[in-house]
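Spelled out, the chains give:
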Amino acid sequence: MSDPHRELVERGYDRVAERYLATKDPEDPLALSALEDLSQNLQPGAKVLDLGCGAGVPTTLQLTRRGFVVTGVDVSERQLELVRKLVPEATFLKADMTELDFGPNAFDAVVAFHSIIHVPREEHPALLGKIHRWLGPGGLFLATLAMTDFDGEDGDWEGWGAPMRWSHYDAETNKTMLREAGFDVLYAGPRTGGGTGDSEETWLWVLARKGLLR
Ligand SMILES: C[S@@+](CC[C@H](N)C(=O)[O-])C[C@H]1O[C@@H](n2cnc3c(N)ncnc32)[C@H](O)[C@@H]1O
């Protein structure tokens, strides 16, 4: 990731971490439903990577409650301070997800809620390829990706006093990129629920599987 983009996102989340956490519901129905889809296909003790885990609510928290061995990754130190307190059972790494390398078959599942949308979109195909490689045969990828094409900044996100940057393609391109990375897409469709502001947000909720032979 180019440094100005990464630094803007990292510093932005360092500044808004508490305010962002205050918008999160540990029992968020959309997240719980998707995590249930994942859990039904995993054994207790399965290794799960949470990319852009933030403060861990609800995803990292719910994954550990379900008995999975969770590794959370985030680029923001403040987010990591919060998640280490809220989800002490998990292991955390401060890293840019595009620069990680775990080697093949490292995880049974990878989740990425509302985080890949902050990575420069020209790097999305390579990142999806890495996620595919890190998964074992039959491994699952659960994510919220974007419905729309956008690459730009908001100078004062939600009026919280920090700039933020997003970079993503539309739903059809996201589905194509998943298939080109080698995934079987189990579902990829819009779902609407509570967002960070007053309005509801619609995201492309994706569950994809790495084939047994790839
Ligand atoms: C909108 S928050 C989502 C947090 C959490 N997954 C959730 O759904 O509440 C996005 C998170 O992704 C992290 N992030 C953004 N770009 C990243 C990158 N390149 N590598 C690692 N983390 C990143 C941010 O620091 C932030 O904590």
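Keep in mind the model is a prediction, meaning the values are calculated, not measured.

Definitions and cut-offs
Residues numbered from 1 in each chain as written. Predicted model: local features only at pLDDT ≥ 70, side-chain atom pairs only at ≥ 80, totals over all residues. Axes fitted to C-alpha atoms, helices over the stretch in contact; angles between N-to-C directions. Helix = DSSP H or I, 4+ residues; strand = E, 2+ residues; numbered from the N terminus. Parallel < 35°, antiparallel > 145°, perpendicular 65-115°, else oblique. Left-handed = near helix turned anticlockwise from the far one by under 90°. Contact = placed C-beta atoms within 7 Å. Pairing = 2+ DSSP bridges. Core = buried A, V, L, I, M, F, W, Y, C linked by C-beta atoms within 7 Å. Buried ≥ 20, exposed ≤ 12 C-beta atoms within 10 Å, placed from the backbone. Near = placed C-beta within 6 Å. Nonpolar A, V, L, I, M, F, W, Y, C, P; charged D, E, K, R; others polar. Right-handed = clockwise from strand over helix to strand, strands pointing away. UniProt positions renumbered as here; feature names shortened; annotations may be inferred.

A.B. asks: I'd love a proper account of the packing of helix α5 (residues 124-134) against helix α6 (residues 171-180), names of residues and values included.
C.D. replies: Two packed helices can be described by the angle between their axes and the distance between those axes. Put simply, α5 and α6 touch, their axes get as near as 9 Å, and they point 45° apart. In this view, α5 runs oblique relative to α6, as classed from their interaxial angle. In this structure, α5 meets α6 at a crossing whose hand is right-handed. Mapping the contact onto sequence places His 124, Pro 125 and Leu 128 in α5 and Met 177, Leu 178 and Glu 180 in α6.

A.B. asks: Tell me about the sheet that holds strand β5 (residues 135-145), and name the residues and values.
C.D. replies: On the basis of which strands lie adjacent, the open sheet formed by seven strands has the order β3-β2-β1-β4-β5-β9-β8 and mixed pairing. Two strands bound the open sheet, and with one partner strand each, they are β3 (91-94) and β8 (183-194). Across the sheet, the axes of successive neighbouring strands diverge by a mean angle of 15°, strand direction being ignored. Its contacts with the sheet put α6 on β5, β8 and β9 (200-210), and the angle it makes with β8 is roughly 150°.

A.B. asks: Can you tell me about the nonpolar core, naming the residues and giving the values?
C.D. replies: Core analysis: the biggest nonpolar cluster contains 62 residues, and Val 48, Ala 109, Val 110, Phe 141, Leu 142, Ala 143 and Val 206 have the highest contact counts within it. In this view, Val 206 contacts Leu 142, Ala 143, Leu 145, Leu 178, Val 185 and Ala 188; residues no more than four positions away in its chain are not counted.

A.B. asks: Mind laying out the site of the ligand, listing which residues take part and the relevant values?
C.D. replies: Near the ligand you find 21 residues, and of these Gly 52, Gly 54, Ser 76, Phe 113 and Ser 115 are the closest. Sorting the residues of the shell around the ligand by element identifies α1 (3-22) and β2 (69-74) as the ones contributing at least two each. In terms of residue class, the shell around the ligand is made up of nine nonpolar, nine polar and three charged.

A.B. asks: Go over the pairing of β2, please, and point to the residues and values.
C.D. replies: Here β2 lies mainly inside the structure; five of its six residues are buried. Sheet topology note: the strand β1 (residues 47-51)/β2 ladder contains five bridges and is parallel. When the sheet's bridge partners are listed, Lys 47 is paired in β2 with Val 69. Once you follow β1 into helix α3 (residues 59-65) and on to β2, the crossover reads as right-handed.

A.B. asks: Tell me what's going on with the UniProt feature "domain: Methyltransferase" (unreviewed entry) in the protein, and back it up with residues and numbers.
C.D. replies: Annotation from UniProt places "domain: Methyltransferase" (unreviewed entry) at residues 48-139. Taken end to end, residues 48-139 has its terminal C-alpha atoms 10 Å apart, with 30% of it in helix and 27% in strand.

A.B. asks: Can you break down unusual backbone geometry residue by residue, with the values?
C.D. replies: Glycine aside, residues mostly have negative phi angles, and peptide bonds mostly take the trans form. In this chain, Val 57 is followed by Pro 58 through a cis amide linkage whose omega measures 5°. Position of Pro 58 among the secondary structure elements: in the loop between β1 and α3. Unlike most non-glycine residues, Asn 105 shows phi in positive territory, near 60°. When the 14 C-beta atoms within 10 Å are taken as the criterion, Asn 105 is described as partly exposed. Although it is not a glycine, Glu 158 sits at a positive phi angle of roughly 60°. You can see Glu 158 is positioned in the loop between β6 (150-154) and β7 (164-168). Residue classification places Glu 158 among the partly exposed residues on the basis of 16 C-beta atoms within 10 Å.

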